[in-house]
Amino acid sequence: MSNPGKSRDTASSASGNEEWEKMLGPSLIQHSKTAGTSNNGGGEPAPTKYTTLKTGDALKDKEFVLLYFSASWCPPCQAFSPMLKSFYKLVNDKIEIIYISSDKSVSQFEEYFGTMPWLSLPVAGTAAIKSALAQSMQISGIPALIVMTREGGLFVTDKAREQVTTCVRNSGSSNAAQDNAKELVRQWREDVPAVPLSEAKIGSGGGSQGIMGLVMALLKNPAAIFAIVYFVKWAMRKHQTLTQQGGEEGVDDAAAALNVEEHGAEEQEF
């Protein structure tokens, strides 16, 4: 006899796979360094190789999917990645992270991704996917970490970078780190309403992302740019006028003081 509940779960899983494949593409890669050294005779580590995974299969057992927009040349990314790595090791049974690279070359990507224990979009043929993700998530600066539910691809938060940083920094011991990491995942599950991406309020929390969002909004509005330029020019002219007036008054005051001193000297001489 068939199991209706199992059939519904299978159908739901297949639907979820389709959504993620539409968002991330059909495959993801996982790095795995070959044991030993390369055969070039120099004793150097063997080159990094990648295992290709089907997107749906790679994410099927996870509760949350975190999209990590980052790059090797970005100092804040270099500072945050080790913290994210520590966090990931504690809760990787619940989450999967996908590296969305902004590296400038394949060699940069290979070196940087080689330090990451999570998954990535493939190196080649994913420029359009990255652009679409950045646009839909309103990414205006890196590093950025977006949390979404595995089931349904619902948006949870774009404040995960700050949350993970606080979680890791406030962990004084291994037990505290484990507890803090699990608590953050619990908050994503129970305290934050997951919504469709079209209804998400992204970038509403201020900070550097909020400022960048404001700048991007201004850049998209020519009238606002002209107004700002006009105001700046007016302020500069006003400042110049006041400076000149102040300078003239200063000259007049100096001349009056010199005149007083001269008269005083004359009165002293007579």
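Just so we're clear, the structure is a prediction, and the values are computed from it rather than from any experiment.

Procedures and definitions
Residues numbered from 1 in each chain as written. Predicted model: local features only at pLDDT ≥ 70, side-chain atom pairs only at ≥ 80, totals over all residues. Heavy atoms only, no water. Phe/Tyr/Trp six-rings, centres within 6.5 Å; stacked < 30°, edge-to-face > 60°. Helix = DSSP H or I, 4+ residues; strand = E, 2+ residues; numbered from the N terminus. Buried < 20%, exposed > 50% of the residue type's maximum accessible area, 1.4 Å probe, protein only. Salt bridge = Lys/Arg side-chain N within 4 Å of Asp/Glu carboxyl O. Polar contact = N/O pair within 3.5 Å; in protein donor to acceptor, adjacent residues only side chain to side chain. Contact = heavy atoms within 4.5 Å. Pairing = 2+ DSSP bridges. Right-handed = clockwise from strand over helix to strand, strands pointing away.

K.L.:
What is the right way to read the packing of aromatic side chains from this model?
P.N.:
Each aromatic ring pair is summarised here by two numbers: the centre-to-centre distance and the angle between the ring planes. This model, assessed by the stated rule, comprises 12 aromatic pairs. Considering the side-chain rings of Tyr99 and Phe109, the 5.9 Å spacing of their centres and the 10° angle between planes classify their relative orientation as stacked. With a gap of 10 residues between them, Tyr99 in strand 4 (residues 95-101) and Phe109 in helix 4 (residues 106-113) connect regions that are remote in the sequence. Accessibility classification places Tyr99 together with Phe109 in one group, the buried group. A connected cluster of aromatic rings, assembled from ring pairs, spans Tyr50, Tyr68, Phe80, Tyr88, Tyr99, Phe109, Tyr112, Phe113 and Trp118.

K.L.:
Just checking my understanding: could you explain the pattern of salt bridges for this structure?
P.N.:
For side chains of opposite charge, pairing can occur when their charged atoms come near one another. For the coordinates displayed, the defined rule picks out 6 salt bridges. Measuring nitrogen to oxygen at the nearest pair gives 2.4 Å for the salt bridge that ties Asp158 to Lys159. Residue Asp158 is classed as buried on the basis of its relative accessible area, which comes to 14%. The partly exposed category is assigned to Lys159, whose relative accessible area is 24%. Residue Asp191 is joined to Arg186 by a salt bridge in which the shortest nitrogen-to-oxygen separation is 3.0 Å. Connected via shared salt-bridge partners are Glu63, Glu183, Arg186, Arg189, Glu190 and Asp191.

K.L.:
What am I meant to see in the side chain of Ser81 here?
P.N.:
With respect to the element layout, Ser81 can be found in helix 3 (residues 75-91). Of the polar contacts made by the side chain of Ser81, one reaches the side chain of Tyr68; its length is 2.7 Å. Within the local environment of Ser81, its side chain forms a polar contact with the side chain of Tyr112, the two groups lying 2.6 Å apart. Each residue touching Ser81, except ones within four places of it in the same chain, is listed here: Tyr68, Ser70, Tyr112, Met116 and Trp118.

K.L.:
How should the environment of Ser72 be read in this particular structure?
P.N.:
Within the secondary structure, Ser72 is located in the loop between strand 3 (64-70) and helix 3. Here Ser72 falls in the buried class, since its relative accessible area comes to 17%. Linking Ser72 and Glu110, residues 38 residues apart in sequence, is a C-alpha distance of 9.7 Å. When sequence neighbours within four positions are dropped, the list of residues in contact with Ser72 reads Gln78, Tyr99, Asp103, Gln108 and Tyr112.

K.L.:
I keep staring at unusual backbone geometry and nothing clicks. Help me out?
P.N.:
Negative phi characterises most residues that are not glycine, and trans characterises most peptide bonds. Cis geometry marks the peptide bond from Ile142 to Pro143, where omega comes out at 0°. Positive phi values are uncommon outside glycine, yet Gln138 reaches one of about 55°. In this fold, Gln138 is placed in the loop between helix 5 (127-136) and strand 6 (144-149).

K.L.:
Teacher, can you tell me more about the side chain of Asp158 here?
P.N.:
Take Asp158: it is sitting in the loop between strand 7 (155-157) and helix 6 (160-169). Not counting chain neighbours up to four residues away, the residues in contact with Asp158 comprise Leu145, Ile146, Ile202 and Gly203.

K.L.:
Can you help me understand the pairing of strand 4 in this one?
P.N.:
Two faces belong to every sheet, and in a regular strand the side chains alternate between them. Of all 7 residues making up strand 4, 7 are buried, and the element is well covered by its neighbours. By the alternation rule, side chains of strand 4 split into Ile95, Ile97, Tyr99 and Ser101 and Glu96, Ile98 and Ile100, which are all buried. Where strand 3 and strand 4 come together, 7 bridges link them in parallel fashion. Considered in strand 4, the bridge of Ser70 is made with Ser101. Between the parallel elements strand 3 and strand 4, the chain passes through helix 3 in a crossover that is right-handed. Looking at chain direction, strand 4 and strand 5 (residues 119-120) are connected through 2 bridges and run parallel. Of the residues in strand 5, the one forming a bridge with Tyr99 is Ser120. Of the crossover connections in this fold, the one passing from strand 4 over helix 4 to the parallel strand 5 is right-handed.

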